[in-house]
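Understanding the architecture of this molecule
Next come the chains, spelled out residue by residue.
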Amino acid sequence: MLLGGIHLRVKKVEKNDIQRVLDLFAVADPRHIRNISFYLWRNFNNPFGESLSYVILDGNSEVPIGHYSFSPCYFSFFNKRFKVALAQQAVIHPDYRSGSNIYKLANFALNDLKKQGFDFVFGFPNDKFRLVQEKLLRWDQICIFPAKVFSISSILKELA
């Protein structure tokens, strides 16, 4: 796909992509610094198998401009087992944030999950990505899951 003179390519993450994905995370969301240990734990330490991770690359430089991963798991409902995926780690480089780039990455990933026999995908997106999922990707909202984010270090300081 050629977008504004930039050739974009989506693919599954390979182990040699991980450091470049971490570099993308540092630029796209510097509030949450992730290192290689965290990435390996988050994406390869799952009782149901490795995560399914995808990147969208600037095809000219092969630099990741977006990343989206899904953690596989199973749900049981009325004695029926469902193969499901938890959507996680969706990020697009600030210079490339557009509906078309997000759509291209998500569409590739969701089509791949469908081919692999996943019954459905669920997630707990932040407010901004929830709107992307609902408006652009046409996800159904099942419910709002209210959550509070807090700093563990500030709690530990109060306990000391």
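Notes on the structure in this doc start here. (Residues numbered from 1 in each chain as written. Predicted model: local features only at pLDDT ≥ 70, side-chain atom pairs only at ≥ 80, totals over all residues. Heavy atoms only, no water.)

Let's shift gears to the packing of aromatic side chains. Considering all chains together, one arrives at 10 aromatic pairs under this definition. For the ring pair F75 and F122, a centre distance of 5.1 Å and an interplane angle of 40 degrees mean the geometry is tilted. Separated by 47 residues along the polypeptide, F75 in strand β4 (residues 63–77) and F122 in strand β6 (residues 120–123) bring together distant segments of the chain. Judged by relative accessible area, which is 32%, F75 ranks as partly exposed. Aromatic pair F82 and F120: ring centres 6.5 Å apart, planes at 55 degrees, arrangement tilted. Separated by 38 residues along the polypeptide, F82 in strand β5 (residues 80–92) and F120 in strand β6 bring together distant segments of the chain. Ring pairs connect the aromatic residues Y54, Y68, F70 and F108, which therefore count as one cluster. Note that R81 overlies the ring of Y74, its terminal NZ or CZ placed 3.8 Å from the centroid. (Phe/Tyr/Trp six-rings, centres within 6.5 Å; stacked < 30°, edge-to-face > 60°. Helix = DSSP H or I, 4+ residues; strand = E, 2+ residues; numbered from the N terminus. Buried < 20%, exposed > 50% of the residue type's maximum accessible area, 1.4 Å probe, protein only. Lys NZ or Arg CZ within 6 Å of the ring centre and 35° of its normal.)

The subject of this paragraph is helix α1 (residues 18–28). What α1 keeps buried is the set I18, V21, L22, L24, F25 and A28. End-on, the buried residues of α1 take up no more than an arc of 155 degrees, which puts them together on one face. In the core, the buried residues of α1 are packed alongside α2 (36–44), β3 (52–58), β4 and β5. (Arc of directions from axis to C-beta. Contact = heavy atoms within 4.5 Å.)

So, about a nonpolar patch on the surface. A contiguous nonpolar surface patch, about 560 Å² in accessible area, is contributed by F150, I152, I155, L156 and L159. The residue F150 is located in the loop between α4 (127–136) and α5 (152–159) in this model. Given the relative accessible area of 56%, F150 is considered exposed. (Patch = residues over 30% accessible without salt bridge, like charges linked within 9 Å, V, L, I, M, F, W, Y side chains within 5 Å. Areas by Shrake-Rupley, 256 points an atom, 1.4 Å probe, with all protein chains shown as cover. Salt bridge = Lys/Arg side-chain N within 4 Å of Asp/Glu carboxyl O.)

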